[in-house]
Amino acid sequence: MIKDEKILKALLYSLEEPSKEQKERFGKFLKNKYGAEAELEWIKSDEYAGGFRLQVGSDVYDWSLMGRLRQLKETLVRVPTDQGDIIPLIKESINEWTPEAYAEQIGEVLTVGDGIATVSGLEEVTFGEILIFADGVRGMVQDIREDEIGCVLFNEDEDVVQGSAVKRTGRTAGTPVGEGFLGRVVDALGTPIDGLGEIEAAGYMPVEAQAPSIIDRQPVDTPLETGIFAIDSMFPIGRGQRELIIGDRQTGKTAIASDAIINQKGKNCICIYVAIGKKNSAVVHMQQSLMKHDAMDYSIIVTASASDPAPLQYIAPYAGCAMAEYFMHQGKDVLIIYDDLSKHAVAYRALSLLLDRSPGREAYPGDVFYLHSRLLERAARLSDNIGGGSITALPIVETQAGDVSAYIPTNIISITDGQIFLESDLFFSGQRPAVNVGLSVSRVGGDAQTKAMKKAAGTLRIDLAQYREMEVFTQFASDLDDQTRRQLEYGQGLMRMLRQPQYQPKTQHEQVITLVMALAHTMQGIATDKVDEFIAGLIEMFEREHAEICERIDREGVMDDELKQEIIDISAEYRNGFD
Ligand code: ATP
Ligand code: MG
């Protein structure tokens, strides 16, 4: 913009008036830089003792004592601290350092409030760039207009006031990443908040990144076992898949996430739990339960709590995803949980309204779909020639009174590869996890199951669907025929079988054996309140007396007809002895 103008206006601040010769040199410098004649105006200022400050538009050349000292400081800060004795390195840096008058673009704060600042100047700023305000407060450019820039602030500070200076950094928002983050709780900018000291980062990754392209991907076909019976058997999740967990408040959504993390122990899968807009106490609770089940060693918790400013809540899932990408690009498998994206959308709506964007449906801005699609598209299974790593994403969404057709739920349902729908009624009737079998789906399906599990799960979904229907139209009937009564009993047994307490993930063989046995109607006639006892006894007997069967299922993940029949026969025998 500056370059187009014929005459440039430049301001020169210094204590002494520059000589004619000096003025000529400045003129030459500016002509070189901007290709136009400059009109130099001198302003007397004692702030720049021992130097000067030249300002052209929003470009500032700081050649004062303070400016040079700042340059030196920035050079020293870049000295690596992880290489033993750093004094020689510091000496070297100082020796090599030559001060130079480099341009800094400095803008001015026009207005500030509610975590948003509008800034003038800074013509060349890019979307998403980080700006530095007074006192080191950082902000991110979220809105570029003709004459001003809208910027969200990551922390509030009373020094950021109208008229204060803003500096460009030329960097987009990013987060430190690395193995050092495992076992830690960090905020949305990667700063540890668990009081366990600093984290040594292996790198720095941009928070917003392009999702892997089609060519870089391969189909999802490796199971990611959650250890949750109802999910692994009917709505299997594969590595690289995106499966939504959706339900009203207090229906066990977070419980599914934490159980899935706990079940990854020893399975070579790194877990990242991103808490958005949660209470700090809930995050601590999550950390403690992961620690209690030895799951924290391979997990990272990223949190932007309810008390954090909206910009941090907005950025948290992207930061978590960047950390996950670091591992994925090394060929590792990662499970990431976004708890929850409805709060994320609300934070983004608050931001957008403050930035004066026009509100759309439910007052969300028009790009709220893109907000989540660009996040979830980053979950992928990479092709083998670029390492074969994966990110499996389990976003969580909270519904109001079971309304899945609200704006945010429909958006996310359409972005993900399926959803696990949790229902309050089921939850309160004691059916936990409260998975609604009719409304849940996994669009990757059987590909994400082992052959053994696929074969064992067989007709489970259909049987349950039949049971539900029959239950509805027999609920007022007083006398039922024998056939119907048996059907109902069978269904009740299956439902009972799917109940599972928290923190008790089930192994593959446990699930496969239970399924084979139950679908062969072995439990017919066992009172519902005895089902748990029966299954526990059966599995214990299998593990004790038929360890080779259990091991084969776990190791090979296959089950031929012969083995299936064997399991049915052994179960039937156990059933006879049970009464
Ligand atoms: P919120 O909407 O508050 O985030 P949520 O849907 O995430 O709630 P959770 O916090 O996971 O729900 O669970 C709610 C309560 O139900 C918790 O006290 C949890 O311990 C309990 N709970 C969840 N799953 C089970 C389960 N399978 N068996 C027994 N209790 C469970
Ligand atoms: Mg929750």
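Residues numbered from 1 in each chain as written. Chains lettered and ligands numbered in written order. Predicted model: local features only at pLDDT ≥ 70, side-chain atom pairs only at ≥ 80, totals over all residues. Heavy atoms only, no water.

**Points about helix H18 (residues 561-578)**
In a regular helix each residue adds 1.5 Å, so 18 residues correspond to 26 Å; H18 covers 25 Å between its end C-alpha atoms and thus fits that length. Regarding H18, the residues found buried are Leu-563, Ile-567, Ile-568, Ile-570, Ser-571 and Arg-575. If you follow the buried residues of H18, they end up packed against helix H15 (508-519), helix H16 (531-545) and helix H17 (547-556). (Helix = DSSP H or I, 4+ residues; strand = E, 2+ residues; numbered from the N terminus. Expected span 1.5 Å × (residues − 1). Buried < 20%, exposed > 50% of the residue type's maximum accessible area, 1.4 Å probe, protein only. Contact = heavy atoms within 4.5 Å.)

**Structural notes on the sheet that holds strand S19 (residues 418-422)**
A sheet is described by the order of its strands in space; here eight strands give the open sequence S12-S16-S15-S17-S18-S14-S19-S20, paired in mixed fashion. Across the chains shown, the open sheet's two edge strands, defined by having one partner strand only, are strand S12 (185-187) and strand S20 (441-442). Each of strand S14 (244-247), strand S15 (269-276), strand S16 (299-304), strand S17 (333-339), strand S18 (390-398) and S19 is contacted by helix H5 (residues 253-262), which is oriented at about 160 degrees to S18, the strand it contacts most. Contacts from helix H6 (residues 280-292) reach S12, S15 and S16 within the one sheet, and its direction differs from that of S16 by about 175 degrees. (Pairing = 2+ DSSP bridges. Axes fitted to C-alpha atoms, helices over the stretch in contact; angles between N-to-C directions.)

**Quick notes on the pattern of salt bridges**
Inspection of every chain in the model, using the stated rule, returns 31 salt bridges. For Asp-417, the salt bridge identified is with Arg-242, shortest N-O distance 2.9 Å. Highlighted residues: Asp-417 in the loop between helix H10 (407-415) and S19 and Arg-242 in the loop between helix H4 (229-234) and S14, separated in sequence by 175 residues. Looking at Arg-242, the relative accessible area reads 11%, which means it is buried. One salt bridge in this structure joins Arg-544 and Glu-545, with 3.4 Å as the shortest N-O distance. Note on Arg-544: relative accessible area 52%, which makes it exposed. (Salt bridge = Lys/Arg side-chain N within 4 Å of Asp/Glu carboxyl O.)

**Comments concerning the site of ligand 1**
Taken together, 15 residues sit near ligand 1, with Gln-250, Lys-253, Thr-254, Ala-255 and Gln-502 positioned nearest. Lys-253 is positioned such that a nitrogen or oxygen atom in its side chain is 2.7 Å from an oxygen atom of ligand 1. Gln-502 has a polar side-chain atom sitting 2.6 Å from an oxygen atom of ligand 1. Protein contact buries 71% of the 630 Å² of open area that ligand 1 shows by itself. Looking at the shell around ligand 1, the element that brings in the most residues is H5, giving three residues. When the residues that make up the shell around ligand 1 are grouped by side-chain class, the tally is four nonpolar, six polar and five charged. (Near = heavy atom within 4 Å. Polar contact = N/O pair within 3.5 Å; in protein donor to acceptor, adjacent residues only side chain to side chain. Areas by Shrake-Rupley, 256 points an atom, 1.4 Å probe, with all protein chains shown as cover. Nonpolar A, V, L, I, M, F, W, Y, C, P; charged D, E, K, R; others polar.)

**Describing the pairing of S18**
For a regular strand, side chains alternate in direction, first toward one face of the sheet and then toward the other. Burial analysis of S18 places eight of its nine residues in the buried class, which makes it a mostly covered element. Of the strand pairs in this sheet, S14 and S18 are connected by three bridges, and their pairing is parallel. Along S18, the bridge assignment pairs Ile-245 with Ile-396.

**A look at the nonpolar core**
With 75 residues, the main nonpolar core has Ile-261, Leu-335, Met-497, Met-523, Phe-542 and Ile-567 as its most contacted residues. Ignoring any residue separated from it by four or fewer positions in sequence, one finds Met-523 in contact with Gly-493, Met-497, Met-517, Ala-518, Val-531, Phe-534, Ile-535 and Arg-575. The next biggest cluster of nonpolar side chains, apart from the first, holds 60 residues, and it includes Val-207, Ile-276, Val-302 and Ile-412. (Core = buried A, V, L, I, M, F, W, Y, C linked by side-chain atoms within 4.5 Å.)

**Brief notes about unusual backbone geometry**
A negative phi holds for most residues other than glycine; trans holds for most peptide bonds. Geometrically, the link from Asp-339 to Asp-340 is a cis peptide bond, its omega value of -10 degrees lying close to zero. Tracing the backbone shows Asp-340 in the loop between S17 and helix H8 (341-354). A cis amide bond links Arg-432 to the next residue, Pro-433, at an omega of -5 degrees. With respect to the helices, strands and loops of the structure, Pro-433 is situated in the loop between helix H11 (424-428) and S20. Positive phi values are uncommon outside glycine, yet Leu-122 reaches one of about 50 degrees. By the element assignment, Leu-122 lies in the loop between strand S6 (116-120) and strand S7 (129-132). On the basis of relative accessible area, Leu-122 is assigned to the buried category, the value being 1%. Located in the positive-phi region is Asp-356, a residue other than glycine, with phi close to 70 degrees. You can see Asp-356 is positioned in the loop between H8 and helix H9 (368-376).

**Here we look at the environment of Asn-32**
Along the chain, Asn-32 falls in helix H1 (residues 20-34). With a relative accessible area of 70%, Asn-32 lands in the exposed category. Sequence separation between Asn-32 and Ala-380 is 348 residues; the distance between their C-alpha atoms is 49 Å.

**Section: the packing of aromatic side chains**
Taken as a whole and assessed by the stated rule, the structure comprises eight aromatic pairs. Here the aromatic rings of Tyr-364 and Tyr-407 are separated by 5.9 Å at their centres, their planes lie at 55 degrees, and the arrangement is tilted. With a gap of 43 residues between them, Tyr-364 in the loop between H8 and H9 and Tyr-407 in helix H10 connect regions that are remote in the sequence. Per residue, the accessibility class of Tyr-364 equals that of Tyr-407, and both read buried. One aromatic cluster in this structure is built from Tyr-314, Tyr-318 and Tyr-348. Geometry around Tyr-370 places Arg-374 over its ring, the cationic atom sitting 4.9 Å from the centre. If you follow Arg-432 out to its NZ or CZ, it ends over the ring of Phe-427, 4.0 Å from the centre. (Phe/Tyr/Trp six-rings, centres within 6.5 Å; stacked < 30°, edge-to-face > 60°. Lys NZ or Arg CZ within 6 Å of the ring centre and 35° of its normal.)

**As for the packing of H17 against H18**
In helix packing, the relevant descriptors are the interaxial angle and the interaxial distance, both defined with respect to the helix axes. At a minimum axis separation of 12 Å, H17 and H18 run at an interaxial angle of 135 degrees. Comparing their axes, H18 and H17 come out oblique. Crossing hand, H17 versus H18: left-handed. Side by side, H17 and H18 meet where Ile-549, Arg-552 and Ile-553 of the first sit next to Leu-563, Glu-566, Ile-567 and Ile-570 of the second. Residue classes in the contact of H17 with H18 are distributed as five nonpolar, no polar and two charged. (Parallel < 35°, antiparallel > 145°, perpendicular 65-115°, else oblique. Left-handed = near helix turned anticlockwise from the far one by under 90°.)

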